[in-house]
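So the chains spell out like this:
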Amino acid sequence: MTSNTQTFSLAIFCDFDGTFAIEDVGSTLARKHLSKRRSLLWEKLKMGDLDPWRYASELFGGFEFSEAETDKFLESVSLDPGAHDLLRWCKVREVPFRILSDGFDRNLDKIQQHQQVFFDYDANHLEILGDRWHVTPGYPDVSCGCGTGVCKKSRIQKFVVKNPEVRTVHIGNGRVSDLCASLFVDYVFAKETLAEELEERNHRFIKFDTLFDVIDSLDKIVRPRT
Ligand SMILES: [Mg+2]
Ligand SMILES: [Zn+2]
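What counts, and at which threshold
Numbering of residues begins from 1 in every chain and follows the order in which that chain's sequence is written. Just so you know, chain letters begin at A and ligand numbers begin at 1, following the order they were written in. Confidence filtering applies because this is a predicted model: local features only for residues at pLDDT of at least 70, side-chain atom pairs given and counted only at 80 or more, and all residues used for totals across whole chains, interfaces and linings. To get the side-chain values, all heavy atoms of the structure are used, and hydrogens and water are removed first. Here the coordinating atoms are restricted to nitrogen, oxygen and sulfur within 2.8 Å of the metal centre, or 3.2 Å for Na, K and Ca, and because water is not among them the sites may look incomplete. Per the convention used, a helix needs a DSSP run of H or I reaching at least four residues, while a strand needs a run of E reaching at least two, with both numbered from the N terminus. Buried means the residue's accessible area, taken with a 1.4 Å probe over protein chains only, is under 20% of the maximum for its type, while exposed means over 50%, and partly exposed covers the values in between. Salt bridges are defined as contacts in which a side-chain nitrogen from Lys or Arg sits within 4 Å of a carboxyl oxygen from Asp or Glu. When DSSP finds two or more bridges between a pair of strands, those strands are recorded as paired.

## Notes on the coordination of the magnesium ion (ligand 1)
Part 1 of the argument: Within the protein, D15 (OD), D17 (O) and N173 (OD1) serve as the donor atoms for the magnesium ion (ligand 1), at 2.1 to 2.2 Å.
Part 2 of the argument: Considered as a linear motif, the donors of the magnesium ion (ligand 1) on their single chain read D-x1-D-x155-N. In this pair, D17 sits in the loop between β1 (10-14) and α1 (25-33) while N173 sits in the loop between β5 (167-172) and α8 (179-184), placing the two residues 156 residues apart along the sequence.
Part 3 of the argument: The exposure class of D17 is buried, given its relative accessible area of 11%.
Part 4 of the argument: A relative accessible area of 11% means that N173 is categorised as buried.

## Some thoughts on the pattern of salt bridges
Part 1 of the argument: Tallied over the full model, the rule gives 17 salt bridges.
Part 2 of the argument: Across the pair K46 and E43 runs a salt bridge, and its minimum N-O distance is 3.4 Å. In this pair, K46 and E43 are both assigned in helix α2 (residues 35-47), three residues apart and thus about one turn of the helix distant.
Part 3 of the argument: We classify E43 as partly exposed; its relative accessible area is 40%.
Part 4 of the argument: Between E67 and R106 there is a salt bridge whose closest N-O contact spans 2.8 Å. On the criterion of sequence distance, the pair formed by E67 in helix α4 (residues 67-75) and R106 in helix α6 (residues 105-115) is long-range, its members being 39 residues apart.
Part 5 of the argument: We classify R106 as buried; its relative accessible area is 10%.
Part 6 of the argument: Members of the salt-bridge network, linked through shared partners, are R175, E196, E197, E200 and R201.

## Considerations on the sheet that holds strand β4 (residues 132-136)
Part 1 of the argument: Reading across the sheet, the seven strands line up as β4-β3-β2-β1-β5-β6-β7 and stay open at both edges, with mixed pairing between neighbours. Edge positions in the sheet fall to β4 and β7 (206-207), since each has one partner strand and no second.
Part 2 of the argument: Pairing analysis gives two bridges linking strand β6 (residues 187-190) to β7, with the strands arranged parallel. Residue pairing for β7: F189 is matched across the bridge by I206.

Rendered as structure tokens:
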């Protein structure tokens, strides 16, 4: 990373569903179109009979939803009101920004095109063949207890090994997919079930409502102390 006016460097990792985007693409689709299957699998997930990736793959594997139907739905997804500003904040400060998503690459590509917003990301893989969804995990890590298709902690860990001097930030909303990363980074921004979980664990985090709140706090974090 090139030098800037900060006293130290930051790198920002951000969840997509319910954090960078207002709605959760996967759970909104599942509630609308797979409600029976979802409630059966949800029980198994809660009981610990399925890990989060198995839950997602059994829920969405074979989902009959064409490219056209999928894209129509994706056009209705709106981003957090501060999403564009957060990207700009990072860009002018040369702060690396990466979306870590337990959703699907194809959908993120479509949303980026539609919203004219561009970011690097790690996600699970989705192909729609013959109007059916085929899903494969992106970056699972059996050594982490999260059981998700994209272990966010291991993605951040990989970055830290290469950039040990950089302080890491994670922004998220979900107890299931954001917890391992949240316990690992230097600064956590949390809302919803992630905030509840961190509170229960007495783990320090910064509460936020929209990404504008995150920007305000980041300004304070990077401001050189006088
Ligand atoms: Mg989320
Ligand atoms: Zn993990």
